[in-house]
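The chain contents come next:
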Amino acid sequence: MAYKTILTILTDPAQTPQLDAAAQLAVREDAHLEVLCLGIDLSQPGYFFPGGTAYMLQDAIDSALADAEALEKAVRARLAPASDLRWSVDSAVAQSGGIPALVGLRARFADLTVLVSPYAENQPAEAEIIAEAALFEGGCPVLVLPHAEIPANLRRVLVAWNQSAEALAAIRRALPLLRAADRVEVTCIDPRRTSPERSDPGGPLTQMLVRHGVRAEIAVLARTAPTISDELNRRAVEIGADLIVMGAYGHSRFRQAILGGATRNMLEKSAVPVLMAR
């Protein structure tokens, strides 16, 4: 398996660094870069004066269409000089409620989606919707960048393993990067004694990875930080990880929005790129 199609989604001209990072990764992976430029219609028809809905809605759509076309033009100008990159760009208009379906359709046929963390500084309001749409509606792994930069080398990778289906899905989707890494650590934090792996946490997974040509080892850690995400971030710093691979939203999005959770906390706090899938 290899990444043949890499997708990135833009809604604001200020997201040029995200475009550059996705293009850099596409060149490195010898993949085709697909860029979707979205114009967002934020109109609320229910608040228009009686009889004015049609006029105001058309004006909002025209404005969003102009934004999408201007963004597409800027992307074409940015990517045109890149002779070593295969790329395509398209633009579309969506109301905020229609973003998941549109993004999901595009992400469904991509091998990887590259986005900046929706909680990074100056990110557009719809960034969170787009990231979740790629994961849920698109079923696509998402590489979340904290600073719109791809590390020069993804040589050390931390794999967060909690024996969940989401974690295994992320690991399978990350295999091209794991095989290329010099060192992969399967990190198990407070593994359950009653789990199927019992006294060998991470053993079957590491065996699978080794058979795929991954240079993997196991680290079983006791949780001493307040949250799992804090423990993962601390361990990533300790081993000098360039990338974290983990499952996304083992609990519902509603629960994580209210009570917090490892996925949301990692999106907000991770200092290194995180590849998520579910």
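Everything quoted here is computed from the prediction, not taken from an experiment.

Reading the values: the criteria
- Residues numbered from 1 in each chain as written.
- Predicted model: local features only at pLDDT ≥ 70, side-chain atom pairs only at ≥ 80, totals over all residues.
- Heavy atoms only, no water.
- pLDDT = per-residue confidence, 0-100.
- Helix = DSSP H or I, 4+ residues; strand = E, 2+ residues; numbered from the N terminus.
- Contact = heavy atoms within 4.5 Å.
- Axes fitted to C-alpha atoms, helices over the stretch in contact; angles between N-to-C directions.
- Parallel < 35°, antiparallel > 145°, perpendicular 65-115°, else oblique.
- Left-handed = near helix turned anticlockwise from the far one by under 90°.
- Nonpolar A, V, L, I, M, F, W, Y, C, P; charged D, E, K, R; others polar.
- 1 Å grid on protein atoms, 1.4 Å probe; cavity = no way out; pocket = protein on both sides within 12 Å on 5 of 7 lines; lining within 4 Å.
- Points joined across faces, edges and corners; volume = space filled by probe spheres on them.
- Salt bridge = Lys/Arg side-chain N within 4 Å of Asp/Glu carboxyl O.
- Buried < 20%, exposed > 50% of the residue type's maximum accessible area, 1.4 Å probe, protein only.
- Polar contact = N/O pair within 3.5 Å; in protein donor to acceptor, adjacent residues only side chain to side chain.

Engineer: Is there a simple way to explain the confidence of the model for the chain in this structure?
Structural biologist: When pLDDT is low, close inspection of the predicted coordinates is not appropriate. On average, residues of the chain carry a pLDDT of 88, and 88% of them reach 70 or more. Mean pLDDT across the elements of the chain ranges from a minimum in helix α9 (residues 253-259), with 44, to a maximum in strand β1 (residues 5-10), with 98. The model gives residues 254-260 a pLDDT under 50, and that stretch makes nine contacts with residues more than four places away or in other chains.

Engineer: Help me out: how do you make sense of the packing of helix α8 (residues 228-239) against helix α10 (residues 262-269) in this one?
Structural biologist: Packed helix pairs are specified by the crossing angle of their axes together with the interaxial distance, meaning the distance between the axes. Direction vectors running N to C along α8 and α10 enclose 45°, while the axes themselves pass 8 Å from each other. Regarding the angle of α8 to α10, the classification is oblique. When you trace α8 past α10, the crossing you get is right-handed. For the pair α8 and α10, contact is made by S229, D230, L232 and N233 and by A262, N265, M266 and K269, respectively. Its residues placed into classes, the contact of α8 with α10 shows three nonpolar, three polar and two charged.

Engineer: Would you take a moment to explain empty space enclosed by the protein for this structure?
Structural biologist: Left-over empty space is what a probe sized like a water molecule reveals as it rolls over the atoms. One pass over the full model with this rule turns up one cavity of 30 Å³ or more. Here the largest cavity defines a volume of roughly 70 Å³. Every residue lining the largest cavity is listed: I9, T11, Q15, Q18, L115, V116, P118, Q123, P124, A127, I130 and A131. Among the elements that take part in the lining of the largest cavity, helix α4 (residues 127-136) stands out by supplying three residues, more than any other. Each residue belonging to the lining of the largest cavity can be placed in one class, and the counts come to eight nonpolar, four polar and no charged.

Engineer: I would appreciate a short explanation of the pattern of salt bridges in the present structure.
Structural biologist: Pairing between side chains becomes possible if they bear opposite charge and their charged atoms approach one another. The final tally for this structure, using the stated rule, is twelve salt bridges. In this structure, the salt-bridge partner of R76 is E72, at a minimum N-O distance of 3.0 Å. Within this pair, R76 and its partner E72 are both found in helix α2 (residues 53-79), separated by four residues, close to a single helical turn. Residue R76 is classed as partly exposed on the basis of its relative accessible area, which comes to 39%. Judged by relative accessible area, which is 16%, E72 ranks as buried. One salt bridge in this structure joins E268 and R264, with 3.2 Å as the shortest N-O distance. With E268 and R264 both in helix α10, this residue pair falls four residues apart, about one helical turn. When its relative accessible area of 21% is taken as the criterion, R264 is described as partly exposed. Because the salt bridges share partners, they merge into one network encompassing R183, E185, E217, R235 and E238.

Engineer: I would appreciate a short explanation of the side chain of T187 in the present structure.
Structural biologist: Within the secondary structure layout, T187 lies in strand β7 (residues 183-189). Looking at T187, its side chain comes within polar contact range of the side chain of E185, at 2.8 Å.

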